[in-house]
Amino acid sequence: MTIVSSDDRSRYRANPTVLAALKSPRLLTREVLAGLVVGLALIPEAIAFSVIAGVDPRVGLFSSFIMAVAIAFLGGRPAMVTAATGAVALVVAPIAPQYGLDYLIATIILAGAFQILMGVLGVAKLMRFIPRSVMTGFVNALAIFVLSSQFPQLIDVPWLVYPLVVLGVVVMLLMPRITRVVPAPLVSVIIVTAVVLVFALNVPTVGDQGELPRSLPSLFLPDVPLTWETFTIIAPFALGVALVGLMESLLTAKLVDEITDTHSRKSRESWGQGVANVLSGLFGGMGGCAVIGQTMINVKESGARTRISTFCAGVFLFLLVVVFGDFVATIPMAALVAVMIMVSIGAFDWHSIRPSTLRRMPKSETFVMVATVVLVLITHNLAVGVVGGVLVASVLFVRRVAHFVTVTRTIRADAAHYVVDGELFFASSNDLTTLFEYADDPERVVIDLSGSHIWDASTVAALDAIETKYAQHGKRVELIGLNDDSGSFHGRLSGGFPPA
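Residues numbered from 1 in each chain as written. Predicted model: local features only at pLDDT ≥ 70, side-chain atom pairs only at ≥ 80, totals over all residues. Heavy atoms only, no water.

Enquirer: Describe the overall build of the protein chain, and please don't skip the residues or the numbers.
Expert: If you tally the helices and strands in the protein chain, you get 21 helices and six strands. Along the first, second and third principal axes, the C-alpha set of the protein chain runs to 100 × 55 × 55 Å. Here the protein chain, with 500 residues, has 50% of them falling under the buried criterion. Put simply, 83% of the contacts in the protein chain that link residues at least 6 apart link residues at least 24 apart. With an accessible surface of roughly 23,600 Å², the protein chain has 64% of that area assigned to carbon and sulfur atoms. Here the protein chain carries 34 positive and 35 negative side-chain charges, and the mean point of each set is 9 Å from the other. (Helix = DSSP H or I, 4+ residues; strand = E, 2+ residues; numbered from the N terminus. Buried < 20%, exposed > 50% of the residue type's maximum accessible area, 1.4 Å probe, protein only. Contact = heavy atoms within 4.5 Å. Areas by Shrake-Rupley, 256 points an atom, 1.4 Å probe, with all protein chains shown as cover. Lys, Arg positive; Asp, Glu negative; His and termini not counted. Charge placed at Lys NZ, Arg CZ, Asp CG, Glu CD.)

Take a look at the structure:
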């Protein structure tokens, strides 16, 4: 569907614009403070996602810094935050432990190239073909994956880790009731870290996981052989990153559109995410996509509306890590596990499994959601689960629509009148030939298709077969009521099929 406007560009114009925010001290202060809060909130999750991906914390922090700054200039949705995410970390998790960091970086660069290609080809427009039940399954599977990825941090560890995790979760549950000015995950991390430092508790820390950044990232060219074998290793992961990243980013963009009552440029966001991922890889990052949680902090809680906030988020994130790197290294892993547990709980769509929802929702919708989750858990690949979920939803939809076709027969004077109602395509037209009384009908047969639409060649072939069968009985068929599109389609293909 194409929407025509007297000034189409006005639909995508940011309100307020960056220039307007720079000229207004009040708006500029709001944007900068929003960026500061988001930058703080990104630190614990960027480190936690690095652990999921099996790389040093600096890899996730570099990625969040580079992508947040890059998307501020390149993205199609102002105020949407892009950084290292659990969805991408889960897709690339097997690479670094099995093949090394260089293969991970090569995967991210290739994924960015795929996203640029998808953006140029307008693949973002295909997002509307992903049913809500598949998206729900995607989100639920992501939440389950994020939770299960924390198990290694909870197995064979000092017993003090468990009460620290509980403390972190309790703090995050209570903080929103006290204040929402400061992100609850940040407060939780600070309190749990303070307890560990004050009582000198011996538990695993972020510093144990690897090196933290001390300076700006430098150019990183992955040392991998440029061979077909390398491509076959990284391409499946890269395609998974590209698809999962775009789905999560475009879903987040749609959410921000609704909150701000503005429009985003989906195709620009697609190739912008791709360029950001390429830059992330070239400077040693692990890639990422839009992050729903931090975007909601930026847009909903802090009231940010421009690209200034996302740019500031990336800059503040890096400055905080470089300046307070020694403190970040002392953060206990238990604090990050608590954060990821709450991320998992918050991401899961609990409404989708409520008994009242399950009773009200069509069984096919629930089946598609469950199928998507099961496919993701079996394959350990979010992209495979989404594609499989779309296929299952398509089959069920076709099956349901095919049953809506009805054929009504009446005898009027010297003619048999058939009224066909419903959408005619391969699934519904295959049995169409069995619904006519070839031997018993009079010599003139009228088939009224005014309540139908012909969608494919299978239907034209079925109508030809009906006419042929009546001709074998010495009877003639008259088709009436075809709309313009159906009439043109039928006229172009009719008579071009061999007899059945």
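There's plenty left to go through after this.
Enquirer: With reference to specific residues and values, describe the pairing of strand β6 (residues 476-480).
Expert: Of the pairings in the sheet, the one linking strand β5 (residues 444-454) to β6 comprises five bridges and is parallel in character. Looking at the pairing, I447 lines up with L479 of β6. Read as a crossover between parallel neighbours, the route from β5 over helix α20 (residues 457-472) to β6 is right-handed. (Pairing = 2+ DSSP bridges. Right-handed = clockwise from strand over helix to strand, strands pointing away.)

Enquirer: Break down the environment of L377 for me, with residues and values.
Expert: Within the fold, L377 resides in helix α17 (residues 363-379). The class for L377 is partly exposed, based on a relative accessible area of 33%. Sequence separation between L377 and F145 is 232 residues; the distance between their C-alpha atoms is 7.8 Å. Residues in contact with L377, not counting those within four places in the same chain, are I144 and F145.

Enquirer: Just give me the short version of the packing of helix α3 (residues 57-74) against helix α13 (residues 307-323), but keep the residues and values in it.
Expert: Geometry of a packed helix pair, given as the angle between the helix axes and the separation of the axes. Close contact between α3 and α13 brings their axes to 8 Å; oriented N to C, the two are set at 160 degrees. With respect to their mutual orientation, α3 and α13 come out roughly antiparallel. As α3 packs across α13, the resulting crossing turns out to be left-handed. Residues L61, F62, S64, F65, A68, V69, I71, A72, F73 and L74 of α3 form the contact with α13, whose participating residues are R307, T310, F311, G314, V315, L317, F318 and V321. When the residues that make up the contact of α3 with α13 are grouped by side-chain class, the tally is 14 nonpolar, three polar and one charged. (Axes fitted to C-alpha atoms, helices over the stretch in contact; angles between N-to-C directions. Parallel < 35°, antiparallel > 145°, perpendicular 65-115°, else oblique. Left-handed = near helix turned anticlockwise from the far one by under 90°. Nonpolar A, V, L, I, M, F, W, Y, C, P; charged D, E, K, R; others polar.)

Enquirer: Describe the nonpolar core, naming the residues involved and giving the relevant values.
Expert: Formed by 100 residues in total, the largest nonpolar core has its most connected members in L104, V165, V244, M286, L336 and L382. No other element matches the 12 residues that helix α2 (residues 25-53) contributes to this core. Setting aside its immediate chain neighbours within four residues, V244 contacts A87, V91, F138, L382 and A383. Among the nonpolar cores identified, the runner-up in size contains 17 residues, and I447, V460, Y470 and V477 belong to it. (Core = buried A, V, L, I, M, F, W, Y, C linked by side-chain atoms within 4.5 Å.)

Enquirer: Tell me about the pattern of salt bridges, and name the residues and values.
Expert: As enumerated under the stated definition, the model contains six salt bridges in all. Where R77 meets D257, a salt bridge forms, and the shortest distance between an N and an O atom there is 2.6 Å. Of this pair, R77 sits in the loop between α3 and β1 (82-83) while D257 is found in helix α10 (residues 228-260), placing the two residues 180 residues apart along the sequence. Here R77 matches D257 in class, with each residue buried. R409 serves as the salt-bridge partner of D441, at 2.7 Å between the closest nitrogen and oxygen. Placement of D441 in the loop between α19 (426-429) and β5 and of R409 in strand β3 (residues 406-412) is noted, with a sequence separation of 32 residues between them. By relative accessible area, D441 is classed as buried at 3%. Residue R409 is classed as partly exposed on the basis of its relative accessible area of 36%. By sharing partners, the salt bridges in this structure join R77, D257 and K266 into a single network. (Salt bridge = Lys/Arg side-chain N within 4 Å of Asp/Glu carboxyl O.)

Enquirer: Now, about the sheet that holds β6: what can you tell me, with residues and values included?
Expert: Where strands meet in a sheet, backbone hydrogen bonds hold them as pairs that are either parallel or antiparallel. The mixed open sheet is built from four strands, whose spatial order is β3-β4-β5-β6. Edge strands, defined here as strands with exactly one partner in the open sheet, are β3 and β6. Adjacent strand axes in the sheet meet at a mean angle of 20 degrees when their direction is disregarded. In the packing of helix α21 (residues 484-493) onto the sheet, contacts are made with β5 and β6, and the angle to β5 comes to roughly 115 degrees.

Enquirer: Which residues make up the packing of aromatic side chains, and what are the values?
Expert: Aromatic ring pairs are defined here through the distance separating the ring centres and the angle between the ring planes. In the structure shown here, the tally under the stated rule is 10 aromatic pairs. Aromatic pair Y99 and Y103: ring centres 5.6 Å apart, planes at 35 degrees, arrangement tilted. Classification of Y99 by relative accessible area gives partly exposed; the value is 33%. With relative accessibility at 15%, the residue Y103 sits in the buried group. Of the aromatic side chains, those joined through ring pairs into one cluster are Y418, F436, Y438 and Y470. (Phe/Tyr/Trp six-rings, centres within 6.5 Å; stacked < 30°, edge-to-face > 60°.)

Enquirer: With reference to specific residues and values, describe the environment of P16.
Expert: Take P16: it is sitting in the segment before α1 (18-23). In sequence terms P16 and A304 are 288 residues apart; their C-alpha atoms lie 9.7 Å from each other. If near-sequence neighbours (up to four positions away) are discounted, P16 is found in contact with L27, R30, R305 and T306.

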